[in-house]
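Commentary on secondary and tertiary structure
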Amino acid sequence: VKALLECGMNPNVSYPNTPIYDATNCDFDFYGKSSKIPNAKQRYSIIELLIAYNVDCNVIDYNQHCSISPEGSGITPLINLVETGKDILPDIKLLIEKGNANVNFSDKVDVNLLHVAIHNKSISLEVPLYLMTETNIKLNNNEIYNDMSITSLLRYRVEDLDSKEYNFKQQIIEYLETFQT
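Residues numbered from 1 in each chain as written. Predicted model: local features only at pLDDT ≥ 70, side-chain atom pairs only at ≥ 80, totals over all residues. Heavy atoms only, no water.

**Remarks on the packing of helix H3 (residues 40–52) against helix H5 (residues 89–97)**
The interhelical angle for the contact between H3 and H5, taken along N-to-C directions, is 5 degrees, at an axis separation of 10 Å. Taken together, H3 and H5 sit at an angle that is classed as roughly parallel. Of the residues in H5, those in contact with Ala40, Arg43, Tyr44, Ile47, Glu48 and Ile51 of H3 are Pro90, Asp91, Leu94 and Leu95. (Axes fitted to C-alpha atoms, helices over the stretch in contact; angles between N-to-C directions. Helix = DSSP H or I, 4+ residues; strand = E, 2+ residues; numbered from the N terminus. Parallel < 35°, antiparallel > 145°, perpendicular 65-115°, else oblique. Contact = heavy atoms within 4.5 Å.)

**Structural notes on the pattern of salt bridges**
All chains considered together, the criterion is met by three salt bridges. The residue arginine 43 makes a salt bridge to aspartate 91 at a minimum N-O spacing of 2.5 Å. Remark: aspartate 91 occurs in helix H5 and arginine 43 occurs in helix H3; sequence separation between them is 48 residues. A salt bridge links glutamate 165 to arginine 157; its shortest N-O distance comes to 3.8 Å. The residues glutamate 165 and arginine 157 share a single accessibility class, namely buried. Ionic contacts of the salt-bridge type, sharing partners, join the residues Arg157, Glu159 and Glu165 into one network. (Salt bridge = Lys/Arg side-chain N within 4 Å of Asp/Glu carboxyl O. Buried < 20%, exposed > 50% of the residue type's maximum accessible area, 1.4 Å probe, protein only.)

**So, the packing of H5 against helix H7 (residues 126–134)**
Running from amino to carboxyl end, H5 crosses H7 at an angle of 25 degrees, the nearest separation of the two axes being 10 Å. With respect to each other, H5 and H7 are oriented roughly parallel. In the packing of H5 onto H7, the handedness of the crossing is right-handed. When H5 is examined against H7, the residues Leu89, Ile92, Lys93, Ile96 and Glu97 are found in contact with a partner set consisting of Glu126, Val127, Tyr130 and Leu131. Taken together, the residues of the contact of H5 with H7 sort by class into six nonpolar, no polar and three charged. (Left-handed = near helix turned anticlockwise from the far one by under 90°. Nonpolar A, V, L, I, M, F, W, Y, C, P; charged D, E, K, R; others polar.)

**Notes on the nonpolar core**
Grouped together as the largest cluster of nonpolar side chains are 47 residues, with contacts concentrated most on Leu78, Val82, Ile92, Leu95, Val127 and Leu131. Contributing elements (two or more residues each) for this core: helix H2 (19–24), H3, helix H4 (77–84), H5, helix H6 (113–119), H7, helix H9 (150–155) and helix H10 (164–177). Ignoring sequence-local partners within four residues, the contact set of valine 127 consists of Ile88, Leu89, Ile92 and Ala117. (Core = buried A, V, L, I, M, F, W, Y, C linked by side-chain atoms within 4.5 Å.)

Rendered as structure tokens:
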């Protein structure tokens, strides 16, 4: 990636996906051959490099969608990372803090980053907790209490009572209680 960028590759060109989309897709399979970035350190380095070359971290790919949205709903690199990754909090922070990734993107059916973060059981609940408490993500009562709500999705996250995940879940619930009217 570095050699291509140094030779003048446009980091925002799409063929078939943009480089940032591929870097944030932890399950990327290119023509039947796994091109998955092998580890979190390499993924972070590639994302950091792309940001240094002014990649658009808010590009929307309408040919893709997350698992809880219909086809054609659209997905951003940040949602793609949260949908497919594990051990991704440093990458999320990088995309938000250095790449100015939009934490408030909602697709055509109003699925947003928090929905995906809570729905993906392979990532830590530390991720949605970070998004709610450390970013400018917007929450309102409708977001918290509707049918496809954060609280509804949290009910499916059953955690051991003595685990870190349970503690994160409790912190999320406490945070959401501040929005009750």
